[in-house]
Amino acid sequence: FQVPGMSIYNAGMQGTGVALWWEFMRYLVQRGLTFKRVILVYIQDDFFRGPWRRSDQELACLHDLRNCHGEFFYPIASQAEMYRLSAERTKISGQDSLKARIVFFWKRNFWATYFVFDNVKRRLTGSGLEIAVSNKNREAFQNILDHAPNAQLIRLPTKDEAALRSDNARGIIVKQYLSGLKIDPVVCDLRYDEYFSYDGHPNKLGYARVA
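Before going into details, it helps to say that this report is about the structure given with it. One numbering rule holds for all chains: residues counted from 1, following each sequence as written. In keeping with the predicted nature of the model, local features appear solely for residues at pLDDT of at least 70, side-chain atom pairs appear and are counted solely at 80 or more, and the whole-chain, interface and lining totals rest on all residues. Computation of side-chain values covers all heavy atoms of the structure but excludes hydrogens and water.

Remarks on the overall build of the chain
- Secondary structure follows DSSP: runs of H or I at least 4 residues long count as helices, runs of E at least 2 residues long count as strands, and numbering of each begins at the N terminus. In terms of regular secondary structure, the chain is built from 9 helices and 3 strands.
- Seen in sequence order, the chain has helices and strands lined up from the N terminus as α-β-α-α-α-α-α-β-α-α-β-α.
- Three labels apply to residues, based on accessible area from a 1.4 Å probe with only protein chains included: buried if under 20% of the type maximum, exposed if over 50%, partly exposed otherwise in between. For the chain, the proportion of its 211 residues judged to be buried stands at 30%.
- Contact criterion: two residues are considered in contact whenever any of their non-hydrogen atoms come within 4.5 Å of each other. Expressed as a percentage of contacts within the chain between residues at least 6 apart in sequence, the contacts between residues at least 24 apart total 64%.
- As displayed, the chain offers around 14,600 Å² of accessible surface, 56% of which is attributable to carbon and sulfur atoms. Note that accessible areas follow from Shrake-Rupley with a 1.4 Å probe, and for residues the cover is restricted to the protein chains shown.

Things to note about the pattern of salt bridges
- A side-chain nitrogen of Lys or Arg and a carboxyl oxygen of Asp or Glu constitute a salt bridge if their distance falls within 4 Å. Taken as a whole and assessed by the stated rule, the structure comprises 9 salt bridges.
- In this structure, R53 engages E23 in a salt bridge whose closest nitrogen and oxygen atoms are separated by 3.1 Å. With R53 in the loop between β1 (39-42) and α2 (56-63) and E23 in helix α1 (residues 18-30), the pair connects residues that are 30 residues apart, well separated along the chain.
- The partly exposed category is assigned to E23, whose relative accessible area is 26%.
- Because the salt bridges share partners, they merge into one network encompassing R155, E161, D167 and K175.

Details of the layout of surface pockets
- Put plainly, a pocket is an open set of points on a 1 Å grid over the protein atoms alone with protein on both sides within 12 Å along at least five of seven lines, a cavity is a set where a 1.4 Å probe fits but cannot get out, and a lining residue has an atom within 4 Å of a point. Grid points are joined across faces, edges and corners, and a volume is the space filled by probe spheres set on the points. Its volume calculated, the second largest pocket comes out at about 310 Å³.
- If you trace the second largest pocket, you find it lined by A11, M13, T16, L20, E23, F24, Y27, W52, R53, R54 and L59.
- Note on residue categories: nonpolar means Ala, Val, Leu, Ile, Met, Phe, Trp, Tyr, Cys or Pro, charged means Asp, Glu, Lys or Arg, and polar means any other residue, Gly included. Its residues placed into classes, the lining of the second largest pocket shows 7 nonpolar, 1 polar and 3 charged.

Description of the pairing of β1
- Burial of the side chains of β1 is restricted to one face: L40 and Y42 are buried, whereas none of I39 and V41 on the reverse face is.
- Summarising the sheet, β1 and strand β2 (residues 152-155) pair through 4 bridges and their orientation is parallel. Directly across from Y42, in β2, lies its bridge partner R155. We call two strands paired when DSSP finds no fewer than two bridges between them.

Quick word on the nonpolar core
- Nine residue types can take part in a nonpolar core, namely buried Ala, Val, Leu, Ile, Met, Phe, Trp, Tyr and Cys, and a core is a set of them joined through side-chain atoms within 4.5 Å. Residues L40, Y42, F47, F141, L153 and L178 are the most contacted members of the largest nonpolar core, which totals 21 residues.
- Mapped by element, the contributors of at least two residues to this core are α1, β1, α6 (135-147) and α8 (169-180).
- Counting residues in each nonpolar core, the second largest holds 6 residues, with I154, C188, L190 and Y195 among its members.

Quick word on the packing of α1 against α6
- Throughout, an axis means a line fitted to C-alpha atoms (over the contacting stretch in the case of helices), and angles, computed between N-to-C directions, take values from 0 to 180 degrees. At a closest axis distance of 8 Å, the pairing of α1 and α6 adopts a crossing angle of 40°. Judged by the twist between their axes, the crossing of α1 over α6 is left-handed. Seen from α1, the contacting residues are V18, A19, W21, W22 and M25; seen from α6, they are N137, A140, F141, N143, I144 and H147.
- A class-by-class count of the residues in the contact of α1 with α6 yields 8 nonpolar, 3 polar and no charged. When the near helix sits turned anticlockwise from the far one by under a right angle, the crossing is termed left-handed; a clockwise turn instead gives a right-handed crossing.

Some thoughts on the packing of aromatic side chains
- The aromatic pairing rule takes the rings of Phe, Tyr and Trp, using the six-membered ring of Trp, and pairs them if the centres are within 6.5 Å, calling planes under 30 degrees apart stacked, those over 60 edge-to-face and the rest tilted. Scanning the entire structure with this criterion turns up 5 aromatic pairs.
- Taken together, a centroid distance of 6.1 Å and an interplanar angle of 65° make the contact between Y9 and F35 edge-to-face. Here F35 lies in the loop between α1 and β1 and Y9 lies in the segment before α1, a separation of 26 residues in the sequence.
- Judged by its relative accessible area of 49%, Y9 is partly exposed.

Considering the environment of I183
- As for its position among the elements, I183 is in the loop between α8 and β3 (186-187).
- Considered as a pair, I183 and Q152 are 31 residues apart in the sequence and their alpha carbons are 9.1 Å apart.
- Apart from the residues within four sequence positions on either side, I183 is in contact with F141, L145, L153 and L178.

Here it is in structure tokens:
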């Protein structure tokens with residue numbers, strides 16, 4: 001969409017988090033771009049993602065569609081079977097084992113027992129599960145705030161949060177973290193039917209509400 005009298009720069013990329021957001025911002029600032037206002041649209045997972053790099057094959061695909069071979073996030077063939085595609089990506093990410101699925105579901109949705117288990121494990125072994133925003137991501141986010149002190153945060157609940165009408169474990173952690181920074185994000189509540197049926201991304205209706 002367009003706003004009269006304003007230039008809008010979209011620096012968003014799917015699957016990224018605060019660590020890469022800071023790298024994007026630093027890249028743009030180093031090239032002389034300045035912004036009167038910065039808007040960060042996020043889900044709580046973005047505060048737990050680490051930096052990563054696209055492969056040369058993916059970059060070639062993004063540069064020229066004729067270089068695209070195999071299945072990437074974009075472009076997606078209109079005839080693609082989304083359930084199969086999501087399953088293949090899960091295998092590629094190494095999260096296809098039954099144990100990985102159970103642990104992820106438990107940590108995300110049964111956060112009360114997750115926190116109890118973590119506390120007991122820490123007391124017995126002196127270590128435990130990672131339940132906080134990492135120091136590296138805290139540093140990256142602080143760098144963003146230092147360069148854009150007027151940044152506006154807009155939170156999108158994840159699909160499971162919309163279904164349960166409640167924050168999951170990561171949502172609670174990020175809310176407490178931002179509260180400690182005295183940041184009160186705007187929440188864009190999406191209805192469950194405003195997400196895709198095959199994954200947790202907003203569909204056309206969802207993105208229209210965000211806009």
